[in-house]
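Descriptive structure summary
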Amino acid sequence: MRGAGTIAGMSKPVTDLIHHTYQPPAGFQAPQPGVFKASTVIFPSVAAMRARDWKHKSGYTYGLHGTPTTFTLEERIATLEGGTQCVLVPSGLAAIANVNLALLRAGDEVLLPDNAYGPSKSMAEGELKNWGITYQLYDPMNPADLEARIGPKTRLVWLEAPGSVTMEFVPLAHLAQICRQRGVTSALDNTWGAGLAFNGFDLGRGERRTPGSGADIVVQALTKYPSGGGDVLMGSVVTRDDALHQQIKLTHMRLGWGIGVDDAETILRSLASIEVRYRAHDRSARELAGWLRMRPEIAQLLHPAFEESPGHEHWQALCGDDGLAAGLFSVVFDARYASGQVDAFCDRLRLFKLGYSWGGPMSLVVPYDVQAMRSKQLGTWKHQGILVRFSIGLEAPEDLRADLEQALSAL
Ligand SMILES: *Cc1c(COP(=O)(O)O)cnc(C)c1O
C-alpha cells in the first residue's frame, strides 16, 4: 500500500490543498445518493490497478466506465425496465446507436418499423449504410410483413410501441414472438412506456406479465419521463443476458460514450417521482384528448387508450383494462384545413409551446407532415389531414383546454 496525503510540516500550502488528508466521517446517510465525479480514478497500488476490470462493477477504473453515482443510476434504470444490466449513454438516440454498432457488421441488415422514431431511420439511412449495413422498413401493424422481411442477413429488429408521432399501438407480443422464433435479436424503444405502462422483457403489466415474451434489449430516452424536466439528455440500454450486455458495453467503451455525473444526479432525483408524474401526464392527456375528439375540426384522435385509435386492442391486451398511457397524443385535423391553417393554430397556442421532445412539465405541440415521413411502398399512412402531436405537461388541464379552445375558435 502507498502512503496517503502529505508529509506533515514539509509541504507548501498548495500541495496540502491538493493532497489534503482530512476524511469526513463514514456512515453519512441521506435520501439522495452521493455525487461522485471523476475522470481519474485513483488506485491504492499497482497491483490493484492491474487487477481491476472495467467490465465489472466490482471496482472503479476510469470515469468513463463509471463512478458510484452512475453505477447507482444504472441499477435503478435496470430495475425500472425489469432487466439486469444497464449501459448509460448521452442521449436516447445514442442508446439506439450503441445497440446498432454493437450488433451490426458490414453485410448485415436491420429492420425498422415504418412508424419508428424519425432519427433512428435517419441513422440507418445516413450512417449505417456507409458501413455496409442495409435496412428495411416493415409495417409494424402487420406481423406477416415483418415475418416476410426477415432474411438470412437480418441481425436485428427494432420494435416500438406505440409508433412515434402517429401513436398506432403495434401488436408487440406478436412481433417479438416472430423475432424469437426466427432467432433474430430484438430491441425495443421503450421511451413511451418508460418501464411503467408495460414491461419490455416480460410483456404485460403487474401480474399479467408473460415471462420472456418481449424484447432482448430495451432502450429508453431518459431525456423524457425519467428526467421529467425537459433539461437533461440521456439514454439507457438494458439487457438481461450477460453476453449481450458485454457486447454493448464493449462498444460503449471503445466509442467513449460516457455521461456527465451532474446529469446522472438530476435523473436520480427525478426517478423517485416518475410514476406519479407519469400518471398525472396520462390523466390530463386523456381528459384533453377526450375533449378534442368531439370537436368538429378533428377527424381522428390517435391515443392508444381510446377505442377509435389504431391498435387500441393491442394496448389493452398489453397494458390491461386499467392500463397507463403516457401524456402524449396526436390528432389529425379535418382535410378541409390546409397546413398553413394548422400551423396558425399551433402558433396561436399560448401555454402549449412549440418544441420537440416530451415528458417535461410544460405542454408542447408540433405539427407533422406524416406523408413525407413514411415509406411510399408500404403506404401505412392513409389520412389526408395534417397531424398535430401534443405532449401534455403538468399544467392544470382546464387551462390547457381553454388554450386549445381559443386557438381552435380562430381557425
Ligand atoms: C426522444 C426519443 C428518442 C431520442 O431521445 P434523445 O435523448 O432526444 O436523443 C428515442 N426514441 C423515442 C421514442 C423518443 O421519443
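About the thresholds
- Residues numbered from 1 in each chain as written.
- Predicted model: local features only at pLDDT ≥ 70, side-chain atom pairs only at ≥ 80, totals over all residues.
- Heavy atoms only, no water.
- Near = heavy atom within 4 Å.
- Polar contact = N/O pair within 3.5 Å; in protein donor to acceptor, adjacent residues only side chain to side chain.
- Areas by Shrake-Rupley, 256 points an atom, 1.4 Å probe, with all protein chains shown as cover.
- Nonpolar A, V, L, I, M, F, W, Y, C, P; charged D, E, K, R; others polar.
- Phe/Tyr/Trp six-rings, centres within 6.5 Å; stacked < 30°, edge-to-face > 60°.
- Helix = DSSP H or I, 4+ residues; strand = E, 2+ residues; numbered from the N terminus.
- Buried < 20%, exposed > 50% of the residue type's maximum accessible area, 1.4 Å probe, protein only.
- Domains from an automatic or database assignment.
- Contact = heavy atoms within 4.5 Å.
- Buried area = accessible area lost by both parts, 1.4 Å probe.
- Salt bridge = Lys/Arg side-chain N within 4 Å of Asp/Glu carboxyl O.
- Pairing = 2+ DSSP bridges.
- Axes fitted to C-alpha atoms, helices over the stretch in contact; angles between N-to-C directions.
- Patch = residues over 30% accessible without salt bridge, like charges linked within 9 Å, V, L, I, M, F, W, Y side chains within 5 Å.

Describing the site of the ligand
Neighbouring the ligand are 13 residues; Gly-92, Leu-93, Asp-189, Thr-223 and Lys-224 lie closest to it. Asp-189 is positioned with one of its side-chain polar atoms (N or O) 2.6 Å from a nitrogen atom of the ligand. Starting from 380 Å² of accessible surface for the ligand in isolation, the protein chains cover 90%. Classifying every residue of the shell around the ligand gives five nonpolar, five polar and three charged.

Focus: the packing of aromatic side chains
The full count for this structure, using the stated rule, is ten aromatic pairs. With a centroid separation of 5.3 Å and an interplanar angle of 35 degrees, the aromatic rings of Phe-329 and Phe-390 are classed as tilted. Residue Phe-329 is found in strand β9 (residues 328–333), and its partner Phe-390 is found in strand β12 (residues 387–391); the two are separated by 61 residues along the sequence. Side by side, Phe-329 and Phe-390 carry an identical accessibility label, which is buried. Ring geometry for Phe-345 against Phe-390: centres 6.5 Å apart, planes inclined by 85 degrees, an arrangement best described as edge-to-face. Residue Phe-345 is located in helix α12 (residues 339–348), and its partner Phe-390 is located in strand β12; the two are separated by 45 residues in the primary sequence. For the pair formed by Phe-345 and Phe-390, the shared burial category is buried. Taken together, the ring pairs in this structure connect Phe-329, Phe-333, Tyr-337, Phe-345, Phe-352 and Phe-390 into an aromatic cluster.

Topic: the domain arrangement of the chain
Split by domain assignment, the chain resolves into domain 1 (48–271) and domain 2 (274–409). Here the C-alpha centroids of domain 1 and domain 2 sit 25 Å apart. Each partner contributes to the interface: domain 1 provides 40 residues, whereas domain 2 provides 41 residues. Regarding the contact of domain 1 and domain 2, the summed buried area is about 3200 Å², with carbon and sulfur atoms giving 64% of it. Where domain 1 packs against domain 2, one counts three salt bridges. The salt bridge involving Asp-322 is made with Arg-208; its shortest N-O contact spans 3.5 Å. Counting across the interface, domain 1 meets domain 2 through 15 residue pairs in polar contact (both at pLDDT 80 or more). Going through the elements one at a time, β3 (134–138), α6 (143–149) and α9 (261–271) are the ones with two or more residues in the side of domain 1 that touches domain 2. Considering only residue class, the side of domain 1 that touches domain 2 consists of 20 nonpolar, eleven polar and nine charged.

As for unusual backbone geometry
Cis geometry marks the peptide bond from Ala-161 to Pro-162; its omega dihedral reads -5 degrees. Topologically, Pro-162 is positioned in the loop between β4 (154–160) and α7 (172–181). Even without being a glycine, Met-167 presents a positive backbone phi close to 65 degrees. Within the element layout of this structure, Met-167 appears in the loop between β4 and α7.

Points about the sheet that holds β12
Taken together, five strands build an open sheet; the order of strands is β8-β9-β12-β11-β10 and the sheet is mixed. Edge strands, defined here as strands with exactly one partner in the open sheet, are β8 (298–302) and β10 (353–354). Where β10 lies against strand β11 (residues 364–368), two bridges are found, and the strand directions are parallel. By the bridge assignment, Lys-353 is partnered in β11 with Leu-364.

With respect to the sheet that holds strand β1 (residues 85–89)
Taken in spatial order, the seven strands of this open sheet run β1-β7-β6-β5-β4-β2-β3, and their pairing is mixed. Single-partner strands in this sheet number two, and they are β1 and β3. Averaged over all neighbouring strand pairs, the angle between strand axes comes to 20 degrees, with direction disregarded. Here strand β2 (residues 109–113) runs beside β4; their pairing, made up of three bridges, is parallel. Residue Glu-109 lies in a different strand from β4, and its bridge partner there is Thr-154. Sitting on the sheet, α7 is in contact with β3, β4 and β5 (185–189), with an inclination near 170 degrees to β4.

Concerning the pairing of β12
Among the five residues that make up β12, five are buried, leaving the element largely enclosed by the rest of the structure. Here β12 shows no split at all, with Leu-387, Arg-389 and Ser-391 on one side and Val-388 and Phe-390 on the other all buried. When β9 meets β12, the two strands line up antiparallel, connected through five bridges. Pairing of Val-331 across the sheet is with Val-388, part of β12. Where β11 and β12 come together, five bridges link them in antiparallel fashion. Paired with Val-366 across the strands is Arg-389, a residue of β12.

Quick notes on a nonpolar patch on the surface
A contiguous nonpolar surface patch, about 350 Å² in accessible area, is contributed by Val-14, Leu-17 and Ile-18. Within the secondary structure, Val-14 sits in helix α1 (residues 13–18).

Topic: the pattern of salt bridges
When charged atoms on two side chains of opposite charge get close, those side chains can pair. Scanning all chains against the criterion turns up 20 salt bridges. A salt bridge links Lys-57 to Glu-75; the shortest N-O distance between them is 2.9 Å. Of this pair, Lys-57 sits in the loop between α2 (46–51) and α3 (68–81) while Glu-75 sits in helix α3, and the two are 18 residues apart along the sequence. A relative accessible area of 37% places Lys-57 in the partly exposed class. On the accessibility criterion, Glu-75 (40% relative accessible area) is partly exposed. Via salt bridges that share partners, Lys-57, Glu-74 and Glu-75 belong to a single interconnected network.

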